[in-house]
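Each chain, written out:
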Amino acid sequence: MVDLVVQMNLPQRDDTLLREAGLSLDRALFPLLVGIERYGPIGVVDLAQRTGRDHTTVSRQVAKLGQLGLIERQPGAVDRRVNEAVLSARGRTMTQTLDKARRRIAAPILAKWSDEDFELLAHLLRRYVDDLMALPGPRDTRA
């Protein structure tokens, strides 16, 4: 499992993905954009916790994503004092382009696998994540 996490978090993987997608985006902003796409609308503090970064740093980086037109800010649904980030149309297009690039990168690996192997992997990873989220402590707060 450690090997998987290390491989998935290599900065070079982000560079490869961005290059495959034909996109130019600061590598520091990339995980935030993807996090906003996955968990948004999301506040800066929650996003910082999910990415393991300081909330003041994330705040500046989210502002940069806004300046680039990739996200928009809106009052929080639960607490109107908290501004939440959501993808803009341009940000959604960028994450869709990244998803397609991810599939192209994974295709040669998964082409060697049977449908059953792929389904088993997906099932077991989902089970592992669900069990991990059920543990006391940090967890995903999605509804």
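Residues numbered from 1 in each chain as written. Predicted model: local features only at pLDDT ≥ 70, side-chain atom pairs only at ≥ 80, totals over all residues. Heavy atoms only, no water.

Engineer: What exactly am I supposed to notice about the pattern of salt bridges here?
Structural biologist: Oppositely charged side chains may form a pair once their charged atoms are brought near each other. For the structure on display, the rule yields 5 salt bridges. Here arginine 102 and aspartate 99 are joined by a salt bridge, their closest N and O atoms 2.6 Å apart. Here arginine 102 pairs with aspartate 99, and both are found in helix α6 (residues 89-110), just 3 residues apart, close to one helical turn. Look at aspartate 99 and you get partly exposed, because its relative accessible area is 24%. Ionic pairing is found between arginine 126 and aspartate 130, a salt bridge with its closest N-O pair at 3.0 Å. Taken together, the residues span about one helical turn, with arginine 126 and aspartate 130 both in helix α7 (residues 115-134) at a distance of 4 residues. Arginine 126 sits in the partly exposed class, given a relative accessible area of 37%. (Salt bridge = Lys/Arg side-chain N within 4 Å of Asp/Glu carboxyl O. Helix = DSSP H or I, 4+ residues; strand = E, 2+ residues; numbered from the N terminus. Buried < 20%, exposed > 50% of the residue type's maximum accessible area, 1.4 Å probe, protein only.)

Engineer: Looking at this model, I keep getting lost on a negative patch on the surface. Mind explaining?
Structural biologist: A cluster of acidic side chains, namely Asp115, Glu116, Asp117 and Glu119, defines a negative patch on the protein surface. Secondary-structure assignment places aspartate 117 in helix α7. (Patch = residues over 30% accessible without salt bridge, like charges linked within 9 Å, V, L, I, M, F, W, Y side chains within 5 Å. Areas by Shrake-Rupley, 256 points an atom, 1.4 Å probe, with all protein chains shown as cover. Lys, Arg positive; Asp, Glu negative; His and termini not counted. Charge placed at Lys NZ, Arg CZ, Asp CG, Glu CD.)

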